[in-house]
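Now for the letters of each chain:
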Amino acid sequence: MDYLFWLFVILGIAAAVNVVSAKNPVSAAIALVVTLLNVAGIYILLDATFLGIIQILVYAGAIIVLFIFVIMMLNLNEEEIKERQASKPVRFIISLASVSSMGLLFLFFRGKVQFAELVSAQMPLGYGNVKAVGWQLFTEYLIPFEVTSVLLLVAILGAVLLAKRSLKI
Amino acid sequence: MISLNQYLIFAGILFSLGLTGIVLRRNLLILLMCVELMLNAVNIVAVAFSRYHQNMDGQVMAFFIIILAAAEASIGLGIITALFRNKISVQTNEYQELRDDT
């Protein structure tokens, strides 16, 4: 399974770099789809099969479609896409700083926290499938699960209100 | 053998790439996509620790984060369309009305 992990990691990071560096929002959205699919593969390697499927359905199927829909609706031309960027050395310093902050974090924790190998082939039967996740959601996490429905309702109302032409009701 | 560390490092790289995009880019749509990248990195950490501790709590957490990301994307894109209607631009340096120039 090791080579699959490295394949997902390399493809995911390459596509994420593309998301950050793409000029055109459409190509950034397509690169984001590739990253999300690779993250779904990582979930499936971690025995979270239901979550991997949900990742593909919700992210690649709904969120990215929403992004592409808005990009198409805005219909940006060449000069609206063009960004007034900071100068090249400033950009280099910013990206170096934000990447090296994560590297410093790893250096700080190196040797202090020792993680054992992920135990393979000892997972309980049905770990990560629909039944197990659903059982957790409807027993232990019932109240947070119901609260998310309120969150989604508020999101729907907010999106409708924001998209209205005038705020007069 | 792949241990937990590799998963955490992958998540860290994804998170820092998203952070770089947030700081560097001026396009509102790409900023939202970078937020999605960062949320995904957090999700990988939750799922990896859930696998490590052999329980399902991290997966439920990741499930909630996916719901949150969907709500956030819809609201963010609604705000972008509302902004675009006022001023035909998706660049953040066009929206500086609240900035104090003194």
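Up top is the structure.
Calculation rules
Residues numbered from 1 in each chain as written. Chains lettered and ligands numbered in written order. Predicted model: local features only at pLDDT ≥ 70, side-chain atom pairs only at ≥ 80, totals over all residues. Heavy atoms only, no water. Helix = DSSP H or I, 4+ residues; strand = E, 2+ residues; numbered from the N terminus. Buried < 20%, exposed > 50% of the residue type's maximum accessible area, 1.4 Å probe, protein only. Areas by Shrake-Rupley, 256 points an atom, 1.4 Å probe, with all protein chains shown as cover. Contact = heavy atoms within 4.5 Å. Lys, Arg positive; Asp, Glu negative; His and termini not counted. Charge placed at Lys NZ, Arg CZ, Asp CG, Glu CD. Polar contact = N/O pair within 3.5 Å; in protein donor to acceptor, adjacent residues only side chain to side chain. Buried area = accessible area lost by both parts, 1.4 Å probe. Salt bridge = Lys/Arg side-chain N within 4 Å of Asp/Glu carboxyl O. Axes fitted to C-alpha atoms, helices over the stretch in contact; angles between N-to-C directions. Parallel < 35°, antiparallel > 145°, perpendicular 65-115°, else oblique. Nonpolar A, V, L, I, M, F, W, Y, C, P; charged D, E, K, R; others polar.

(A) Spatial organisation of the overall build of chain A. Of regular secondary structure, chain A possesses 7 helices and 0 strands. Counting across all 169 residues of chain A, residues that qualify as buried make up 34%. On chain A, roughly 10,800 Å² of surface is accessible, and the fraction owed to carbon and sulfur atoms is 72%.

(B) Structural context of the overall build of chain B. When you go through chain B residue by residue, the secondary structure sums to 3 helices and 0 strands. Counting helices and strands in the order they occur from the N terminus, chain B gives α-α-α. Looking at chain B alone, contacts between residues at least 24 apart form 58% of all its contacts between residues at least 6 apart. For chain B, the accessible area works out to roughly 4,000 Å², and carbon and sulfur atoms hold 64% of it. Counting 6 positive and 7 negative side-chain charges, chain B places the averaged centre of each group 7 Å from the other.

(C) View of the side chain of Arg25(B). Locating Arg25(B) in the fold gives a position in the loop between α1 (4-24) and α2 (28-52). The class for Arg25(B) is buried, based on a relative accessible area of 7%. Here Ala22(A) takes part through its backbone oxygen, which lies 2.8 Å from a polar atom of the side chain of Arg25(B). Once you skip the residues sitting within four places of it in the chain, Arg25(B) turns out to touch Val19(A), Val20(A), Ser21(A), Ala22(A), Lys23(A), Glu83(A), Gln85(A), Ile30(B) and Leu31(B).

(D) Up close: the interface of chain B and chain A. On the side of chain A, 84 residues touch chain B, which itself brings 71 residues to the contact. Note on chain B versus chain A: buried area summed over both sides is about 7,200 Å², and carbon and sulfur give 74% of it. The interface formed by chain B and chain A includes 1 salt bridge. The salt bridge involving Asp47(A) is made with Arg51(B); its shortest N-O contact spans 2.8 Å. The tally of links between chain B and chain A comes to 12 residue pairs in polar contact (both at pLDDT 80 or more).

(E) Representation of the pattern of salt bridges in the model. All names here are of chain B. Summed over all chains, the structure comprises 2 salt bridges over all chains. In this structure, Lys87 engages Glu97 in a salt bridge whose closest nitrogen and oxygen atoms are separated by 2.5 Å. One end of the pair, Lys87, is in the segment after α3 (57-86); the other, Glu97, is in the segment after α3, and 10 residues separate them in sequence. The class of Lys87 is partly exposed, set by a relative accessible area of 28%.

(F) Region of interest: unusual backbone geometry. All names here are of chain A. Phi at Asp47 takes a positive value of approximately 65°, unusual for a residue other than glycine. Position of Asp47 among the secondary structure elements: in the loop between α2 (25-45) and α3 (49-74). Owing to a relative accessible area of 27%, Asp47 belongs among the partly exposed residues under this scheme. Of note, Asn75 is a non-glycine position whose phi angle comes to about 55°, a positive value. On the secondary structure map, Asn75 appears in the loop between α3 and α4 (78-81). On the accessibility criterion, Asn75 (59% relative accessible area) is exposed.

(G) Main features of the environment of Leu39(B). Tracing the chain through its elements places Leu39(B) in helix α2. On the accessibility criterion, Leu39(B) (17% relative accessible area) is buried. When the C-alpha atoms of Leu39(B) and Arg51(B) are compared, they prove to be 19 Å apart, with 12 residues separating the residues in sequence. Those residues in contact with Leu39(B) that sit more than four places away from it in its chain are Tyr59(A), Ile65(B), Ala69(B) and Glu72(B).

(H) Quick look at the packing of α2(A) against α2(B). It is the contact of α2(A) with α2(B), at a shortest axis distance of 11 Å, that shows an interaxial angle of 5°. Relative to α2(B), the element α2(A) lies roughly parallel. For the pair α2(A) and α2(B), contact is made by Pro25(A), Ala28(A), Ala29(A), Leu32(A), Thr35(A), Leu36(A), Val39(A), Ile42(A) and Tyr43(A) and by Leu29(B), Ile30(B), Met33(B), Glu36(B), Leu37(B), Asn40(B), Asn43(B), Ile44(B) and Val47(B), respectively. Among the residues making up the contact of α2(A) with α2(B), the classes are represented as 14 nonpolar, 3 polar and 1 charged.

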